[in-house]
Amino acid sequence: MTDERAYWLAWSQIAGVGPTLLMRIYRHFGSLAAAWDADLAALDAVEGIGGMTAGAIATARASLDPASLLAEHQRDNPDVWTPADADYPRLLTEIPDPPPLLYYRGQVALAENRGEVGLVAIVGTRNPSSYGKQWTYRLVEALVQAGFTIVSGLAEGIDAIAHQACLDAGGRTIAVLGTGVNRVYPASNRALAQQIDRKGLILSEHPRGTGPDRAHFPSRNRIIAGLCRATLVIEAGSKSGALITARVANEYGREVYALPGSLDQPQSRGCLEIIAGGAQVILGETPLLEALGAIPQLDAMPNHSAAPAPSASAPPTPDLPPRLVPIFQAIPPIPPEAIALDTLVQTTQLDTSNLLAALLELEMLGVVSQLPGMRYCRAG
């Protein structure tokens with residue numbers, strides 16, 4: 001029987017099948033091997049598969065042998081995870097668009113992959129002020145001492161400072177690249193990448209040898225956000241790429257924090273904007289650590305493979321429209337227990353936009369409450 005990993009690779013090679021659609025296919029069929037053998041009529045039931053994509057799928061299935069493809073691919077890329085691997089980072093499996101292939105280089109710490117160690121993203125401008133540099137070092141040192149791993153994108157500025165500050169403090173850091181793991185961009189960070197290779201981990205969704213491409217970096221940011229329980233934006237202009245990471249983290253139901261700054265500093269404008277939009281304010285090392293300590297640990301989160309079983313003492317389900325009942329029942333019955341938006345997406349199998357609309361309706365009916373970080377609990 002062909003390894004399920006081979007099908008993650010094979011499907012990822014099909015034009016028009018991106019990470020989001022691939023995850024829908026996987027959830028619809030339960031395995032990508034089963035999807036590979038399904039007829040086109042069955043595939044047509046998956047949202048997002050149109051005529052052109054169906055044609056590309058038919059062509060690929062006629063010309064590709066998944067087992068041979070995987071064997072050939074691994075000759076050049078031996079260090080790669082797919083969602084079929086037990087070592088694939090668990091938090092990434094909870095987002096709607098996990099990378100089908102995740103290449104790695106450096107020192108793997110499986111406790112991080114299993115979610116037993118907290119990962120915190122730190123992102124920001126490529127042109128930080130002295131204030132931004134100072135607070136990056138202060139926050140990273142505090143986070144490292146508290147046992148967190150620091151994740152960033154190995155870009156110039158705040159990213160590189162966060163990685164270096166973590167290494168200086170004796171901590172673990174993970175760099176997520178928009179290139180192959182053996183190609184460092186910008187070149188000025190090659191020495192830093194070598195340090196991370198020896199003491200941390202480098203990740204990418206692109207195979208070895210892939211060079212820089214402007215289109216790769218926004219998608220790289222979703223991996224940074226998806227790996228982490230929280231994202232910290234230190235300094236960012238109004239059009240900074242760091243704001244993409246913050247936005248995606250928020251969409252995934254993860255916590256977002258921003259360092260406040262002066263209105264006179266353009267590097268602070270983006271942070272102030274996302275604070276106005278609901279991001280939490282970084283008020284110092286101790287308040288930040290206290291806030292991060294309040295985020296539920298991964299091993300305490302509900303199992304997203306099925307809706308939570310009703311508690312014996314849970315109140316009865318209120319009179320709701322039938323389409324809302326499964327969503328209501330997937331929400332923990334006893335406040336203040338709460339469930340993250342991305343977990344609800346997994347549980348209910350609904351698109352995020354449709355789920356958010358249903359949750360808003362439940363809020364308006366007064367039976368569900370939204371908590372900070374896009375988490376939900378039953379009202380009352």
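Placed above this text is the structure.
Report follows, based on the coordinates. (Residues numbered from 1 in each chain as written. Predicted model: local features only at pLDDT ≥ 70, side-chain atom pairs only at ≥ 80, totals over all residues. Heavy atoms only, no water.)

Focus on the pattern of salt bridges
Where side chains of opposite charge bring their charged atoms close, a pairing between them can arise. As a reminder of what qualifies: The term salt bridge refers to a pairing of a side-chain nitrogen on Lys or Arg with a carboxyl oxygen on Asp or Glu at a separation within 4 Å. Helix and strand labels come from DSSP, where a helix needs a run of H or I of at least four residues and a strand needs a run of E of at least two; each type is numbered from the N terminus. Exposure classes here rest on a 1.4 Å probe applied to the protein chains alone. A residue is buried below 20% of its type maximum, exposed above 50%, and partly exposed in between.
Taken as a whole and assessed by the stated rule, the structure comprises 10 salt bridges. The partner of Arg-138 in a salt bridge is Glu-285, with the nearest N and O atoms 3.0 Å apart. Remark: Glu-285 occurs in helix H14 (residues 285-293) and Arg-138 occurs in helix H8 (residues 130-145); sequence separation between them is 147 residues. Residue classification places Arg-138 among the partly exposed residues on the basis of a relative accessible area of 34%. Glu-285 gets classed as partly exposed once you look at its relative accessible area, which sits at 22%. Shared partners join several salt bridges into a network, and the residues in it are Asp-97, Glu-205 and Arg-222.

Section: the sheet that holds strand S10 (residues 339-340)
Filter applied, for reference: The rule for pairing is simple: two strands pair if DSSP sees at least two bridges between them.
Taken together, 3 strands build an open sheet; the order of strands is S10-S12-S11 and the sheet is antiparallel. Taken across any chain shown, the strands that pair with only one partner, and hence form the sheet edges, are S10 and strand S11 (368-371). Where S11 lies against strand S12 (residues 375-378), 4 bridges are found, and the strand directions are antiparallel. Among the inter-strand pairings, Leu-371 is bridged to a residue of S12, identified as Arg-375.

Section: helix H12 (residues 242-251)
The criterion, for reference: In this analysis, two residues are considered to be in contact whenever any of their non-hydrogen atoms come within 4.5 Å of each other.
Of all the residues in H12, the buried ones are Ala-242, Leu-243, Thr-245, Ala-246, Val-248 and Ala-249. On its buried face, H12 sits against strand S3 (119-123), helix H11 (216-227), strand S7 (230-233), strand S8 (255-258) and helix H13 (266-276). Positive phi shows up at Gly-253, right after H12, with a value of about 80°.

Regarding the side chain of Asn-189
Examined against the element boundaries, Asn-189 turns out to sit in the loop between strand S5 (173-176) and helix H10 (190-199). With relative accessibility at 8%, the residue Asn-189 sits in the buried group. Discounting chain neighbours no more than four positions away, the residues touching Asn-189 are Leu-154, Ala-155, Glu-156, Ala-160 and Val-184.

Notes on the nonpolar core
Let me state the cut-off plainly: Here, the term nonpolar core denotes a set of buried Ala, Val, Leu, Ile, Met, Phe, Trp, Tyr and Cys residues that are joined through side-chain atoms within 4.5 Å.
Counting residues in hydrophobic clusters, the biggest one holds 39 residues, and the most contacted among them are Trp-11, Val-17, Ile-25, Ile-49 and Leu-154. Contributions of two or more residues to this core are made by helix H1 (4-12), helix H2 (19-29), helix H3 (32-37), helix H5 (51-63), helix H6 (66-76), helix H9 (158-168) and H10. At 6 residues, H1 tops the list of elements feeding residues into this core. Excluding residues that lie within four positions of it along the chain, Ile-25 makes contacts with Trp-11, Val-17, Leu-32, Ala-35, Val-46 and Ile-49.

Thoughts on H2
Of all the residues in H2, the buried ones are Leu-21, Leu-22, Met-23 and Ile-25. Buried residues along H2 sit in contact with H1, H3, H5 and helix H16 (341-348). One or two steps after H2, the chain reaches Gly-30, where phi turns positive at roughly 85°.

Quick notes on the sheet that holds S3
Ordered in space as S1-S2-S6-S5-S4-S3-S7-S8-S9, the 9 strands form an open sheet in which the pairing is mixed. At either end of the open sheet lies a strand with only one pairing partner, and these are strand S1 (80-81) and strand S9 (280-281). Taken together, the 4 bridges between S3 and S7 define a ladder with parallel strand orientation. Looking across to S7, one finds that Val-123 is bridged to Val-233.

Details of unusual backbone geometry
Most peptide bonds take the trans configuration, and most residues that are not glycine carry a negative phi. A cis amide bond links Tyr-185 with the next residue in sequence, Pro-186, at an omega value of 5°. Of note, Pro-186 is situated in the loop between S5 and H10. Backbone geometry at Leu-154 places phi at a positive 55°, although glycine is not the residue there. Structurally, Leu-154 is set in the loop between strand S4 (149-152) and H9. Owing to a relative accessible area of 0%, Leu-154 belongs among the buried residues under this scheme.

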